[in-house]
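What follows is the residue order along each chain.
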Amino acid sequence: MLPTLAVLKSLRDEFGAYIVSQTTAPGWSLILLLAPFTPSPDLVIGDVTPDFDVGNFPVAIPDSGHYYGRDPANGDLVALFYAGAGVQLLFSTSNTARTWYGWAVIEVGTSVVLASELLPTPLSVVSDEDEVRNPEIGFHFPMNLIR
Amino acid sequence: MKPVRSLSNRLSTILAGDTATIGAAAANKLGLIVAPFVPGVDLLLADITLSAATGLVPIAGVAGAQFESVDPVSGELIVEVKPPAGGFRWETPVGFTGPVTVYGFALIDNGAANLWGTQALQDPIVLTAENESIIAPAIQFRIDPTKVK
């Protein structure tokens with residue numbers, strides 16, 4: 001059965017709410033990844049190299065301030081996560097130069113990987129307080145997700 | 001982001017129990033669509049014609065969370081609407097004259113205010129006399145979790 005937009009929107013909202021609800025202990029967080037990897041439904045922590053270095057601790061997904069909308073470019077429904085209302089999640093480095101290849105949602109404490117994404121191009125930071133402000137951290141739900 | 005399987009598999013649980021739509025506390029209803037239509041995500045209730053004829057009115061399913069499972073062959077996540085006792089079955093009553101052509105099925109909310117989904121029959125069924133019946137196939141929403149990105 002082909003769902004209507006109302007069903008897809010509700011699923012997106014509930015999925016986003018589910019993820020946000022998991023920020024309580026042990027908590028789900030975003031963390032940058034230091035080595036090349038391939039996003040996959042079967043990704044585990046051993047497949048990636050999280051950057052736990054000083055200044056690069058995981059960024060918790062907060063309880064509110066997220067965006068649920070529709071991408072006008074392709075019609076996808078989107079759930080995007082922010083640090084607060086309209087404020088992008090922010091990573092910064094406080095010491096050594098490094099290259100980030102992407103990021104992952106992990107469960108802090110158990111280090112279970114929940115999701116991952118490659119940066120379009122690896123990003124190298126070289127000095128104190130270089131920052132990464134990613135414009136979009138979240139999920140896309142295409143219109144043909146359900147048939 | 002690309003969710004891992006354990007996360008994307010939550011989609012069916014969430015949809016099956018979504019109290020705003022498929023898992024509503026007031027049982028959703030399955031109705032017969034009796035005018036030509038093209039299934040689409042942008043369809044609204046006003047875009048289709050549901051039968052209101054005696055014996056052919058929408059039938060309430062089961063309230064609350066619906067079935068959810070995984071197709072072992074395709075890996076798709078399945079949310080299946082629970083049929084009521086007796087199933088989603090319609091029968092033309094005594095004195096029915098017709099003809100009424102059934103083009104498909106629509107899942108709507110209990111108060112008939114919202115459309116949740118549509119399914120077209122490959123070949124429309126024409127009801128012309130009393131004691132003719134239609135039994136709906138399994139009403140399933142099939143989610144391809146690999147499409148979430």
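This structure is a prediction, so every number in the text was calculated from the model and none was measured.

**A few points about the overall build of chain B**
Along chain B, the regular secondary structure elements total two helices and 10 strands. Judged by the C-alpha coordinates and their principal axes, chain B covers about 55 × 30 × 30 Å. The buried share of chain B, reckoned over its 149 residues, is 46%. Long-range pairs, those at least 24 residues apart, make up 71% of the contacts in chain B with a sequence separation of at least 6. Carbon and sulfur atoms form 56% of the exposed surface of chain B, whose accessible area is close to 6700 Å².

**So, the overall build of chain A**
The helix and strand inventory of chain A stands at one helix and 10 strands. Counting helices and strands in the order they occur from the N terminus, chain A gives β-α-β-β-β-β-β-β-β-β-β. Buried residues in chain A amount to 48% of all 147 residues. Of the roughly 6400 Å² of accessible surface on chain A, a fraction of 56% belongs to carbon and sulfur atoms.

**Section: the pattern of salt bridges**
A full pass over the atoms with the stated rule returns seven salt bridges over all chains. The residue glutamate 76 of chain B makes a salt bridge to arginine 147 of chain A at a minimum N-O spacing of 2.9 Å. Taken as a pair, glutamate 76 of chain B in the loop between strand S4 (67–70) and strand S5 (77–80) and arginine 147 of chain A in the segment after strand S10 (138–141) lie in two separate chains rather than in one. On the basis of relative accessibility, which here comes to 9%, the residue glutamate 76 of chain B falls in the buried class. One salt bridge connects arginine 89 of chain B with glutamate 91 of chain B, and the closest N-O pair in it is separated by 2.8 Å. Here glutamate 91 of chain B falls in the partly exposed class, since its relative accessible area comes to 29%. Look at the salt bridges and you will find they share partners, linking Arg147 of chain A together with Asp71, Glu76 and Arg142 of chain B into a network.

**Considerations on the sheet that holds strand S3 (residues 59–60) of chain A**
Within the open sheet, the five strands sit side by side as S3(A)-S2(A)-S7(A)-S8(A)-S1(B). Their pairing is antiparallel. Since the sheet does not close on itself, it has two edges, and those belong to S3 of chain A together with strand S1 (2–3) of chain B, each with one partner. Relative to strand S7 (residues 98–107) of chain A, strand S2 (residues 28–33) of chain A runs antiparallel, the two sharing six bridges. By the bridge assignment for S7 of chain A, tryptophan 28 of chain A is matched with glutamate 107 of chain A.

**Structural notes on the confidence of the model for chain B**
The predicted coordinates of low-pLDDT regions are not to be read in fine detail. Counting all residues, the mean pLDDT for chain B is 96, and 100% of those residues have values of 70 or more. Complex prediction metrics read pTM 0.88 and ipTM 0.94.

**Focus: the interface of chain A and chain B**
In this assembly, 42 residues from chain A lie in contact with 39 residues from chain B. Across the interface of chain A and chain B, roughly 3400 Å² is buried in total on both sides, 65% from carbon and sulfur atoms. It is Met1, Pro41 and Arg147 of chain A that lose the most area in chain A upon contact with chain B, and together they represent 22% of the buried surface on that side. Counting across the chain A and chain B interface gives 19 residue pairs in polar contact (both at pLDDT 80 or more). Every element with two or more residues in the side of chain A that touches chain B is listed here: strand S1 (2–3), helix H1 (5–21), S2, S7, strand S8 (112–125) and S10 of chain A.

**Comments concerning the packing of aromatic side chains**
With the rule as written, the count across this model stands at three aromatic pairs over all chains. Ring geometry for phenylalanine 15 of chain A and phenylalanine 139 of chain A: centres 5.4 Å apart, planes at 80°, overall edge-to-face. Taken together, the residues span a long stretch of sequence, with phenylalanine 15 of chain A in helix H1 and phenylalanine 139 of chain A in strand S10 at a distance of 124 residues. Comparing phenylalanine 15 of chain A with phenylalanine 139 of chain A shows no difference in burial state: the two are buried. In this structure an aromatic cluster arises from ring pairing among Phe15, Phe139 and Phe141 of chain A. The ring centre of phenylalanine 67 of chain B lies 5.2 Å from the NZ or CZ of lysine 82 of chain B, which sits over that ring.

**Things to note about the nonpolar core**
Formed by 68 residues in total, the largest nonpolar core has its most connected members in Phe139 of chain A together with Leu7 and Trp90 of chain B. With eight residues, the single largest contributor to this core is H1 of chain A. With residues near it in sequence (within four places) discarded, phenylalanine 139 of chain A still touches Phe15, Ile19, Leu77, Val78, Ala79, Phe81 and Ala115 of chain A together with Met1, Pro3, Leu7, Val148 and Lys149 of chain B. Phe37, Leu43, Ile48 and Ala106 of chain B belong to the second largest nonpolar core, which has seven residues in total.

**Examining the pairing of S2 of chain A**
All names here are of chain A. For S2, the tally of buried residues reaches six of six residues, placing the bulk of the element in the interior. Two elements, S2 and S3, share two bridges in a ladder whose sense is antiparallel. Bridge pairing links serine 29 to alanine 60 in S3.

Calculation notes
- Residues numbered from 1 in each chain as written.
- Chains lettered and ligands numbered in written order.
- Predicted model: local features only at pLDDT ≥ 70, side-chain atom pairs only at ≥ 80, totals over all residues.
- Heavy atoms only, no water.
- Helix = DSSP H or I, 4+ residues; strand = E, 2+ residues; numbered from the N terminus.
- Buried < 20%, exposed > 50% of the residue type's maximum accessible area, 1.4 Å probe, protein only.
- Contact = heavy atoms within 4.5 Å.
- Areas by Shrake-Rupley, 256 points an atom, 1.4 Å probe, with all protein chains shown as cover.
- Salt bridge = Lys/Arg side-chain N within 4 Å of Asp/Glu carboxyl O.
- Pairing = 2+ DSSP bridges.
- pLDDT = per-residue confidence, 0-100.
- Buried area = accessible area lost by both parts, 1.4 Å probe.
- Polar contact = N/O pair within 3.5 Å; in protein donor to acceptor, adjacent residues only side chain to side chain.
- Phe/Tyr/Trp six-rings, centres within 6.5 Å; stacked < 30°, edge-to-face > 60°.
- Lys NZ or Arg CZ within 6 Å of the ring centre and 35° of its normal.
- Core = buried A, V, L, I, M, F, W, Y, C linked by side-chain atoms within 4.5 Å.

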